[in-house]
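Architecture and fold: a report
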There are 2 protein chains.
Amino acid sequence: MTGRKAVDVVTAAFLVIGDEILSGRTKDKNIGFVARYLTSLGIDLKEVRVVQDERAEIADAVNALRVRYDYVFTSGGIGPTHDDITAESVAEAFGVPLLLDPRAIAVMETHYAPGQLTPARQRMARIPEGADLIENRVSKAPGFRIGNVHVMAGIPAIMQAMMDAIAPTLKTGRKMLSETVDADMPESRIAERLSAIQDAYPETLIGSYPKASDGKFTTQIVIRSRDEAILKAATGDVAKAVAELTG
Amino acid sequence: MTGRKAVDVVTAAFLVIGDEILSGRTKDKNIGFVARYLTSLGIDLKEVRVVQDERAEIADAVNALRVRYDYVFTSGGIGPTHDDITAESVAEAFGVPLLLDPRAIAVMETHYAPGQLTPARQRMARIPEGADLIENRVSKAPGFRIGNVHVMAGIPAIMQAMMDAIAPTLKTGRKMLSETVDADMPESRIAERLSAIQDAYPETLIGSYPKASDGKFTTQIVIRSRDEAILKAATGDVAKAVAELTG
């Protein structure tokens, strides 16, 4: 944990870039991973956006999110083809030029046979001026970090490897702890009790998640807090309410 | 198709409301469904956002999206518990009061035994003034439409039933057609050819989607156009390029 600064709350946004998610052709596999990964680090994911492969859309979203949250993570659009325009869009968002990066070229030369670093592949070495590279253990072509924005690949295996490379550099907050109570009833039956418990414990976040299966409704109640003692007390009250309403 | 107006392009945004998606506790199942559903109707999904169960976040997102796109669809936060605040947030976004709606009460009374429409359940009958109800065939508590914003439940089965109820009321555009060409090569090998084909057919959108499996990279190339003849010609050129590079 060297180099991490302990602060109470660290926030993040995740920006998914890609027409293929919006058309429904590709099922997103990155949002759930990033949500769980950041939560486990003690970083609160506050917002997710999915935008098209269009320069203005990407640049606008990056600029809206980077002033609002401690970190922005993006996935998608850094490959070698004409529709990969994330790097130039992020450079535009930061108002810096996009340059062929000698460090990126050097890394990629270890991956390709001599003469195989074609112009298309060199596209992947274009990095906004002033950015740091993010290591890609899978296929070498790097991601990059500029300001508080981390630009990663869209392929889940590569995105996850990049996330692992970034993680040690991030400041993290006090971890949000959570407990779950299952209630074998529709949430409307326990709603008033939960509302009272939420009021009694303002330092917790109590979520109620209905589930429909076999035509029957059950409820999962999730209690979240950064304070273990408060979490335990609130969870006890929820469990008691469930037991009373079940009995 | 009665009542549908044929226009070229109809756009939409999808707003997912819920802490449970952002914490990673619940895996989103609605984005992929809505993306495919709208595409099949001939509506272009242009943007997705996921926000927390916080009134200002929800109202700000609704207001940002409803002026930008023909339609906004939301899911989540219309249940009976204290953390379900979508209805009041949307009312705030439109600057109208949230009222106990007699139409919603009447629908819900058919679902519950006499005396079982408790105050918590009546929460689900609070609808922004001026809104139309959206039918819920699964569990009766309705969604609603106000302006161009359609507010739906988060439970996938209910959300999908509401989408089916909404669909006949939507104007739709000329359907985007697509063809897929599989290329047994990393996308960097075909990148330059694809770029040239994209330039030659500006009325198409050519996407290149790399896939890593068993340590090998292959590529799916998706060609999209609203014009069948142009789609066919561009797809032919892509297939030819793939064959030449494979041979």
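Residues numbered from 1 in each chain as written. Chains lettered and ligands numbered in written order. Predicted model: local features only at pLDDT ≥ 70, side-chain atom pairs only at ≥ 80, totals over all residues. Heavy atoms only, no water.

1. Considerations on the relation of the copies chain A and chain B
We count it as follows: Copy-to-copy superposition: least squares on the C-alpha atoms, limited to residues that have pLDDT of at least 70 in both copies.
At an RMSD of 0.0 Å, chain A and chain B line up after a rotation of 180° and a shift of 0.0 Å along the axis. Taken together, the rotation and translation relating the two chain copies correspond to the operation of a two-fold axis. Within chain A, R49 of chain A has its C-alpha nearest the rotation axis, a separation of 2.2 Å.

2. A closer look at helix α4 (residues 86–94) of chain B
All names here are of chain B. Put simply, the test is: Burial classes follow relative accessibility: with a 1.4 Å probe on protein chains only, a residue under 20% of its type's maximum area counts as buried, one over 50% as exposed, and anything between as partly exposed. Secondary structure is summarised from DSSP: a helix means a run of H or I of at least four residues, a strand means a run of E of at least two, and numbering begins at the N terminus for each.
Burial of α4 is extensive: eight of the nine residues sit out of reach of the surface. Where α4 is concerned, the buried positions are T86, A87, E88, S89, V90, A91, A93 and F94. Where α4 terminates, the next one or two residues include G95, which has phi positive at roughly 65°.

3. Quick look at the interface of chain A and chain B
To keep it simple, the criterion reads: The contact criterion used throughout is that any non-hydrogen atoms of two residues lie within 4.5 Å. Whenever Lys or Arg places a side-chain nitrogen within 4 Å of a carboxyl oxygen from Asp or Glu, that contact is recorded as a salt bridge. Polar contacts, as used here, are pairs of N or O atoms within 3.5 Å; protein pairs need one atom able to donate a hydrogen and one able to accept it. Residues neighboring in sequence count only if both atoms are side-chain atoms. Nonpolar residues are Ala, Val, Leu, Ile, Met, Phe, Trp, Tyr, Cys and Pro. Charged residues are Asp, Glu, Lys and Arg, and all others, Gly as well, are polar. By this definition, two strands are paired if DSSP reports at least two bridges between them.
If you look at the interface, chain A gives 55 residues, while chain B gives 56 residues. Summed over the shared surface of chain A and chain B, the number is two salt bridges. E57 of chain A serves as the salt-bridge partner of R68 of chain B, at 3.1 Å between the closest nitrogen and oxygen. Run the count over chain A and chain B and you get 17 residue pairs in polar contact (both at pLDDT 80 or more). Of all the secondary-structure elements, those providing two or more residues to the side of chain A that touches chain B are α1 (19–22), α2 (30–41), β3 (44–51), α6 (119–122), α8 (187–200), β12 (205–213) and β13 (216–225) of chain A. Of the residues forming the side of chain A that touches chain B, the biggest block, eight residues, is contributed by α8 of chain A. Looking at the side of chain A that touches chain B residue by residue, the class counts come to 25 nonpolar, 14 polar and 16 charged. The sheet contact formed by β3 of chain A and strand β3 (residues 44–51) of chain B spans five bridges and is antiparallel.

4. What about the pairing of strand β8 (residues 143–146) of chain A?
Residue and element names in this part refer to chain A. As paired elements, strand β7 (residues 132–134) and β8 share three bridges and run antiparallel to each other. Directly across from L133, in β8, lies its bridge partner F144. Here β8 runs beside strand β9 (residues 149–152); their pairing, made up of three bridges, is antiparallel. Across the sheet, I146 pairs through a bridge with V149, a residue of β9. Linking β8 to β9, which pair antiparallel, is a turn of two residues; within it G147 sits at a positive phi near 55°.

5. Concerning the nonpolar core
Here is the rule: In this description, a nonpolar core means a group of buried Ala, Val, Leu, Ile, Met, Phe, Trp, Tyr and Cys residues linked to one another through side-chain atoms lying within 4.5 Å.
Core analysis: the largest hydrophobic core is formed by 121 residues, its most contacted members being F14, L38 and F73 of chain A together with F14, L38 and F73 of chain B. Once residues lying within four places of it in the same chain are set aside, the contact partners of L38 of chain A are A12, I43, L45, F73 and M163 of chain A.

6. Observations regarding the packing of aromatic side chains
Counted only if it meets this: Put simply, two rings from Phe, Tyr or Trp (the six-membered ring, in Trp's case) pair if the centres are within 6.5 Å, and we call them stacked under 30 degrees between planes, edge-to-face over 60, tilted for the rest. Over a ring means this: the NZ of a Lys or the CZ of an Arg is within 6 Å of the ring centre and within 35 degrees of the ring normal.
The tally for this structure, following the rule as stated, stands at four aromatic pairs over all chains. Ring centres 5.3 Å apart and planes at 40° place the aromatic pair F33 of chain A and Y37 of chain A in the tilted group. Linking F33 of chain A with Y37 of chain A, this pair stays in helix α2, spanning four residues, or about one helical turn. Here F33 of chain A falls in the buried class, since its relative accessible area comes to 17%. The exposure class of Y37 of chain A is buried, given its relative accessible area of 16%. Taking the centre distance of 6.1 Å and the plane angle of 50° together, the rings of Y71 of chain B and F73 of chain B count as tilted. Both residues of the pair, Y71 of chain B and F73 of chain B, belong to the buried class. Sitting over the face of the ring of F94 of chain A, R66 of chain A holds its NZ or CZ atom 3.8 Å from the ring centroid.

7. Looking at the sheet that holds β13 of chain A
Residues and elements named next belong to chain A. Short version of the rule: Every angle, taken between N-to-C directions, lies between 0 and 180 degrees, and every axis is a line fitted to C-alpha atoms, over only the stretch in contact when it is a helix.
The strand order β11-β13-β12 describes an open sheet built from three strands, whose pairing is antiparallel. Of all strands in the sheet, those with a lone pairing partner are β11 (177–183) and β12, marking the two edges. The sheet shows a mean angle of 20° between the axes of neighbouring strands, taken without regard to direction. Here β11 runs beside β13; their pairing, made up of seven bridges, is antiparallel. If you follow E179 over to β13, its bridge partner there is I223. Contacts from helix α9 (residues 228–246) reach β11 and β13, with the element oriented near 5° to β11.

By themselves, these are just geometric observations and shouldn't be taken as functional.
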